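Architecture and fold: a report
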Amino acid sequence: MDAVVVFESMWGNTSAIAREIARGYGDGSAAMTTDQADADLVLGARLVVAGSPVHTLGLPTEVSRASAAAKDRPGTLAADTRHLPVREWLTHLPRGPRFYAAFETRIVGPLGHGAATAISRALTGAGYEQLDRPHSFTVTMRPHTETPGAMLLPGQEQHAFEWGIRLRRLLAEVG
Ligand SMILES: Cc1cc2nc3c(=O)[nH]c(=O)nc-3n(C[C@H](O)[C@H](O)[C@H](O)COP(=O)(O)O)c2cc1C
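Read on for a plain summary of the structure. Just so you know, these numbers come straight off a predicted model, no measurement behind them. For every chain, the first residue of the written sequence is number 1, and numbering continues from 1 along that sequence. Where local features are concerned, this predicted model is filtered to residues with pLDDT of at least 70; where side-chain atom pairs are given and counted, the filter is 80 or more; whole-chain, interface and lining totals use all residues. The basis for the side-chain values is all heavy atoms of the structure; hydrogens and waters are excluded.

**Looking at the site of the ligand**
Near is defined per residue: the residue qualifies when any heavy atom it owns lies within 4 Å of the molecule or strand. Contacts to the ligand come from 21 residues, most closely from S9, N13, T14, T56 and T105. Between N or O atoms, a polar contact is any pair within 3.5 Å; within protein, one atom must be a potential hydrogen donor and the other a potential acceptor, and residues adjacent in sequence are included only when both atoms are from side chains. V54 is positioned with one of its backbone polar atoms (N or O) 2.8 Å from an oxygen atom of the ligand. Contact distances for the ligand include 2.8 Å between a nitrogen atom and a backbone N or O atom of T56. The Shrake-Rupley method, run with a 1.4 Å probe sphere, supplies the accessible areas, and residue values consider only the shown protein chains as cover. Taken by itself the ligand offers 640 Å² of open surface, and the protein chains cover 91% of this. Under the DSSP-based scheme used, a helix requires at least four consecutive residues in state H or I and a strand at least two consecutive residues in state E, with every element numbered from the N terminus. If you list the elements that add at least two residues to the shell around the ligand, you get α1 (13-25), α3 (62-69) and β4 (99-107).

Structural data, given as structure tokens:
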């Protein structure tokens, strides 16, 4: 596989963005959970795109994931905490050379952009080279909904699709 788009997602918003990035990238790309993106799969990829929600100004932690799960209410989506946190997935990566791009979903406003920065730092540390600057995609404050991905603000999926197209072009340019 050319490009793997890996995500952590409680209520389907980051995963919806990941799927649009992969769709924009086109053939040779797929969006997948951290469990699916094992070391063998990553080894075969030229580009790793990784994203997560911003939790408490950074990557989700055990505490923030538990707090997301505690928001579950009858009739609303349960937080999906079945998969390995991106924070932990980043520690099991095969070393580069390889390209990467990082993204995050977050609330509009001054509440921080820390997840994509932390992902970038870890991937640089693994010997991967940044293909494009980190991207943020925005959601409403509404913490949980009935439909996966319904917190995304208008235009965010289109923005993700277009970023996927751009990543393919940038990867072709670096040879
Ligand atoms: C425990 C917790 C902490 C959060 N902290 C922040 C934050 O510091 N900054 C921010 O912009 N959004 C914050 N959010 C909102 C998340 O970014 C939002 O729920 C997420 O983008 C939804 O994506 P998902 O459905 O893929 O999990 C927080 C959410 C939770 C559950």
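The rest of the description comes next.
**Notes on the side chain of R65**
Mapping R65 onto the fold places it in helix α3. Whether two residues are in contact is decided by their heavy atoms, any of which lying within 4.5 Å being enough. In this structure R65 touches E8, M10, H55, P60, T81, H83, L84 and P85, once residues within four positions along its chain are discounted.

**Describing the packing of aromatic side chains**
Aromatic contacts are taken between Phe, Tyr and Trp rings whose centres are within 6.5 Å, Trp giving its six-membered ring; a plane angle under 30 degrees counts as stacked, one over 60 as edge-to-face, and the others as tilted. Tallying each qualifying case throughout the model produces three aromatic pairs. Geometrically, the ring pair formed by F103 and F137 is edge-to-face, given 6.0 Å between the ring centres and 80° between the ring planes. Of this pair, F103 sits in strand β4 while F137 sits in strand β6 (residues 135-139), and the two are 34 residues apart along the sequence. By the burial criterion, F103 is buried, and F137 matches it. With centroids separated by 6.4 Å and ring planes inclined at 75°, the aromatic side chains of F103 and W163 adopt a geometry described as edge-to-face. Each residue gets one of three labels from its accessible area relative to the maximum for its type: buried under 20%, exposed over 50%, partly exposed in between, using a 1.4 Å probe on protein chains only.

**Topic: unusual backbone geometry**
Geometrically, the link from G96 to P97 is a cis peptide bond, its omega value of 15° lying close to zero. Take P97: it is sitting in the loop between α4 (86-89) and β4. With phi around 45°, T56 is a residue other than glycine that occupies positive phi space. Take T56: it is sitting in the loop between β3 (47-53) and α3. Of note in the backbone geometry, L57 takes a positive phi value of approximately 70° without being a glycine. Within the element layout of this structure, L57 appears in the loop between β3 and α3. Classification of L57 by relative accessible area gives exposed; the value is 55%.

**Comments concerning the pattern of salt bridges**
Here the idea is simple: oppositely charged side chains can pair when their charged atoms come close. Basic side-chain nitrogens of Lys or Arg form a salt bridge, by our definition, when they fall within 4 Å of a carboxyl oxygen of Asp or Glu. Under the criterion given, the structure shown has six salt bridges. A salt bridge links R65 to E8, with the shortest nitrogen-to-oxygen separation between them at 2.7 Å. Remark: E8 occurs in the loop between β1 (3-7) and α1 and R65 occurs in helix α3; sequence separation between them is 57 residues. Comparing R65 with E8 shows no difference in burial state: the two are buried. Residue R166 is joined to D132 by a salt bridge in which the shortest nitrogen-to-oxygen separation is 2.8 Å. Pair noted here: R166 is in helix α6 (residues 156-173) and D132 is in the loop between β5 (129-130) and β6, with a separation of 34 residues, a long-range link. Note on D132: relative accessible area 8%, which makes it buried.

**So, the nonpolar core**
One broad rule of soluble globular proteins: the nonpolar side chains tend to lie buried together. In this structure, I21, L47, V49, F103, W163 and L167 are the most contacted members of the largest nonpolar core, which totals 28 residues. Looking at this core element by element, the count peaks at six residues for α1. Of all hydrophobic cores here, the second largest spans 23 residues; its members include L93, Y100, A102 and Y128. In plain words, nonpolar cores are sets of buried Ala, Val, Leu, Ile, Met, Phe, Trp, Tyr and Cys residues tied together by side-chain atoms within 4.5 Å.

**Re α3**
All of the buried residues along α3 are S64, R65 and A68. Taken down its axis, α3 places every buried residue within 100° of arc, on the same side. Relative to its buried face, α3 has exposed residues pointing more than 90 degrees away, namely E62 and V63. Read the arc as the range of directions from the helix axis to the C-beta atoms.

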